[in-house]
Amino acid sequence: MKPAQRGISLAEQIYRNLRSAIIGGQIAAGTRLREVELAEMLGASRTPLREALSRLAGDGLLTPLSKGGVEVVDVESERDDIHAIRVGLECVAIRLAAARATEEELAQLFVLVEEREAMEIADAEGRSANNARFHDLIREMSRNPRLVAMIAQYQEFFLDAERLSRLDEEASRRAGREHRGIAEAVAARDPEAAETALRHHIERAYESLKASR
């Protein structure tokens, strides 16, 4: 388990670490998880562990077993469906952003675009952080907290440095150009163009990631 983070409960840390490991494939589909074994391995009491496992089951990442314990679901088999949900939610968010973004937020969006364009291809961590902030800012500009929370449930399946590092140089540079096109459409207050640009960007990135797997 990762080192403890100040201000975050043990149950939250266990939840985040296990969720990341399941989505990232470090814990394989079909793995049976038992509270006693996990508590011993993590050096945690069963109360925060039970809370974390309950949340993961609620996320659809674990399935209770009749003989006790839980089993990790096959996340990879559901990735296409999860992607389709994400696209729909993201497109709603950007249409709202095109209407509701402030000039200050738009300026921040273009700063992120320029930072991305100046980054080295080898800087997967930097590109991942920039990519996450770019998409986060668009969602924030929607001024719709419920929508933002719903998207947050799915973004972890797609946005991380390990997956971005799989993209070849041309795919990475193309993604940067697409970020500029998205920002320009939002700044033009054109929801149709913004949605089209974002949908194209997400679909292209997803196909590139699938091909890399």
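Small disclaimer: the values here were computed from a predicted structure and weren't measured.

(A) Quick look at the nonpolar core. Leu49 and Leu62 are the most contacted members of the largest nonpolar core, which has 26 residues in total. For this core, the secondary structure elements donating two or more residues are helix 1 (10-24), helix 2 (35-42), helix 3 (46-58), strand 3 (70-72) and helix 4 (75-100). Setting aside residues up to four positions removed in sequence, Leu62 forms contacts with Ile22, Leu33, Leu53, Leu56, Ala57, Val70, Glu71, Val72 and Val73.

(B) Structural context of the sheet that holds strand 2 (residues 62-64). Sheet architecture is open: 3 strands sit in the order 1-3-2, paired in antiparallel fashion. Single-partner strands in this sheet number two, and they are strand 1 (32-33) and strand 2. Note: strand 2 against strand 3, 3 bridges, orientation antiparallel. Residue pairing across strands places Leu62 opposite Val72, the latter belonging to strand 3.

(C) Quick look at the side chain of His135. As for its placement among the helices and strands, His135 is situated in helix 6 (residues 124-141). A residue is classified by how much of its surface remains accessible, and His135, at 2% relative accessible area, is buried. Setting aside its immediate chain neighbours within four residues, His135 contacts Arg86, His179, Leu198 and His201.

Analysis parameters
Residues numbered from 1 in each chain as written. Predicted model: local features only at pLDDT ≥ 70, side-chain atom pairs only at ≥ 80, totals over all residues. Heavy atoms only, no water. Core = buried A, V, L, I, M, F, W, Y, C linked by side-chain atoms within 4.5 Å. Buried < 20%, exposed > 50% of the residue type's maximum accessible area, 1.4 Å probe, protein only. Helix = DSSP H or I, 4+ residues; strand = E, 2+ residues; numbered from the N terminus. Contact = heavy atoms within 4.5 Å. Pairing = 2+ DSSP bridges.

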